[in-house]
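# Notes for the structure review
Residue strings, one per chain:
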Amino acid sequence: MSEFKYSRRYHGRIKAILLDWAGTTMDYGCYAPAVVFMEVYKRNGVNITIEQAREPMGAHKKVHIRKISQIPAVAAQWRDAHGRPCNEDDIEAMFKDFVPLQLACLAQYADLISGTIEMVDAFRKRGYKIGSTTGYTSEMMAILEVEAARRGYKPDSTVCAADVPAGRPEPWMCLENAKRLGVYPMESIVKIGDTLPDIAEGLNAGMWSIGLAKTGNEIGLTEAEIRALPAEEYRRKLDRAYERMWQSGAHYVVDGLADVMPCLDDIERRLACGERP
Ligand SMILES: [Mg+2]
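Fair warning: this is a prediction, and the values are worked out from it, not measured in the lab.

This next bit is on the overall build of the protein. Assigned secondary structure in the protein consists of 12 helices and six strands. Compactness check: the protein gives a C-alpha radius of gyration of 19 Å against a globular reference of 19 Å for 277 residues, within 12% of the reference. For the protein, the spread of C-alpha atoms along the principal axes amounts to about 70 × 50 × 40 Å. Evaluated residue by residue, the protein yields a buried proportion of 47% over its 277 residues. For the protein, contacts bridging at least 24 residues in sequence account for 72% of all contacts bridging at least 6.

Pasting the structure below:
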């Protein structure tokens, strides 16, 4: 028996990029779901803040409604309004309310984040395939895919939580993309998204994960609103977003999709050395 064992390592290039939707490629500030969650709770006599509405962002929307109900301040408000805790029937009913409200306003929030088209073109020039995952339902994605295509963005694959056993942070949407794109190993794929569950799903799938701190749910403001912030407040919000994303295990954190090219160069360098995510 030899004293030496040899391990097999992938030394190739990146083969695919998996992009999130809201807050990553479209809907700067990830507003569409946040405003609808607020409305759904309001209809049940509970006024939640936009920060509470945003807290579980990235999860499947029904899971998201359940997680909002578990925020202590929201749970207390619910008990005041209803005289009992929020239960699973309430969550089902709110999800039923949520779906048509979200469908009705999605197209208003479908503008692409600047730089998306250019970056996707640049990925394709490098030979990367483009997949996507989302917390939206298939019905919602049907609308968004049409809106995105009208604006020039058409990924090669889109997987929703309903297509697999469970959504984020579980890795199945990423693995399903890999299958549909015909791409492996998982270390040749990079996940890019604007929420902590985005980062977790990439890590759980054995992929490289890049967090976007500025354009999505973490700051939760449009480009114009961010520009209007006092410098100190902007710095504080951005630092907090970076810190949360680093703490969740992202391999890289940048402001937005337009800033990822140096990360991809670095990942290719690390892959060439046999490094794994
Ligand atoms: Mg997002």
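Now that the structure has been shown, we can carry on.
Turning next to the domain arrangement of the protein. Domain annotation for the protein reports domain 1 (16-28 + 112-272) and domain 2 (32-108). A separation of 24 Å is found between the C-alpha centroids of domain 1 and domain 2. On the side of domain 2, 17 residues touch domain 1, which itself brings 19 residues to the contact. Among the elements of the structure, α7 (138-150) and α9 (196-204) are those that each provide at least two residues to the side of domain 1 that touches domain 2. Residue classes in the side of domain 1 that touches domain 2 are distributed as eight nonpolar, six polar and five charged.

What follows covers the pairing of strand β1 (residues 16-19). Going residue by residue along β1, you find Ala16 and Leu18 tucked away on one face and Ile17 and Leu19 tucked away on the opposite face as well. The sheet contact formed by β1 and strand β2 (residues 129-134) spans four bridges and is parallel. Within β2, the residue paired with alanine 16 across the bridge is lysine 129. Strand direction decides the pairing type here: β1 and strand β4 (residues 189-193), joined by four bridges, are parallel. Paired with leucine 18 across the two strands is lysine 191, which belongs to β4.

Moving on, we come to the pairing of strand β3 (residues 157-160). Bridge count for β2 against β3 is four bridges, and the pairing is parallel. Note that in β3 the partner of threonine 133 across the bridge is valine 159. In this fold, β2 hands off to α7, which returns the chain to β3; that crossover is right-handed.

Before going further, it helps to spend a moment on the nonpolar core. Counting residues in each nonpolar core, the largest one holds 78 residues, and the members touching the most others are Ile17, Phe37, Leu144, Ile189, Val190, Ile192 and Ile210. A total of seven residues in this core trace back to one element, the largest contributor, which is helix α1 (residues 31-42). Domain assignment of the residues forming this core places at least three in each of domain 1 (16-28 + 112-272) and domain 2 (32-108). Setting aside its immediate chain neighbours within four residues, valine 190 contacts Ile14, Ile17, Met207, Trp208, Ile210, Leu264 and Ile267.

So, about the packing of α1 against helix α5 (residues 88-105). Running from amino to carboxyl end, α1 crosses α5 at an angle of 135 degrees, the nearest separation of the two axes being 9 Å. The orientation of α1 relative to α5 falls into the category oblique. The way α1 lies across α5 gives a crossing that is right-handed. Of the residues in α5, those in contact with Ala32, Pro33, Val36, Glu39 and Val40 of α1 are Met94, Asp97, Phe98, Leu101, Gln102 and Cys105. When the residues that make up the contact of α1 with α5 are grouped by side-chain class, the tally is eight nonpolar, one polar and two charged.

For the bond running from arginine 168 to proline 169, omega is 10 degrees, close enough to zero to count as cis. Residue position: proline 169 is located in the loop between β3 and α8 (172-181). Notably, cysteine 30 is not glycine yet its phi reads approximately 50 degrees, a positive angle. Within the secondary structure, cysteine 30 sits in the loop between β1 and α1. Residue cysteine 30 is classed as buried on the basis of its 27 C-beta neighbours within 10 Å.

Okay, the sheet that holds β1 next. What links the strands of a sheet is backbone hydrogen bonding, and the strands pair in either a parallel or an antiparallel sense. The sheet built from six strands is open, its strands ordered β3-β2-β1-β4-β5-β6 with parallel pairing. Bordering the open sheet on either side are β3 and β6 (252-254), each of which pairs with just one other strand. Neighbour-to-neighbour, the strand axes of this sheet turn through a mean angle of 20 degrees, independent of strand direction. For strand β5 (residues 208-212) and β6, the ladder comprises three bridges, and the chain directions are parallel.

With that out of the way, let us pick up the environment of tryptophan 246. Take tryptophan 246: it is sitting in helix α11 (residues 231-247). With 36 residues separating them in the primary sequence, tryptophan 246 and isoleucine 210 have C-alpha atoms 9.6 Å apart.

Analysis parameters
Residues numbered from 1 in each chain as written. Predicted model: local features only at pLDDT ≥ 70, side-chain atom pairs only at ≥ 80, totals over all residues. Helix = DSSP H or I, 4+ residues; strand = E, 2+ residues; numbered from the N terminus. Rg over C-alpha atoms; globule rule 2.2 N^0.38 Å. Buried ≥ 20, exposed ≤ 12 C-beta atoms within 10 Å, placed from the backbone. Contact = placed C-beta atoms within 7 Å. Domains from an automatic or database assignment. Nonpolar A, V, L, I, M, F, W, Y, C, P; charged D, E, K, R; others polar. Pairing = 2+ DSSP bridges. Right-handed = clockwise from strand over helix to strand, strands pointing away. Core = buried A, V, L, I, M, F, W, Y, C linked by C-beta atoms within 7 Å. Axes fitted to C-alpha atoms, helices over the stretch in contact; angles between N-to-C directions. Parallel < 35°, antiparallel > 145°, perpendicular 65-115°, else oblique. Left-handed = near helix turned anticlockwise from the far one by under 90°.

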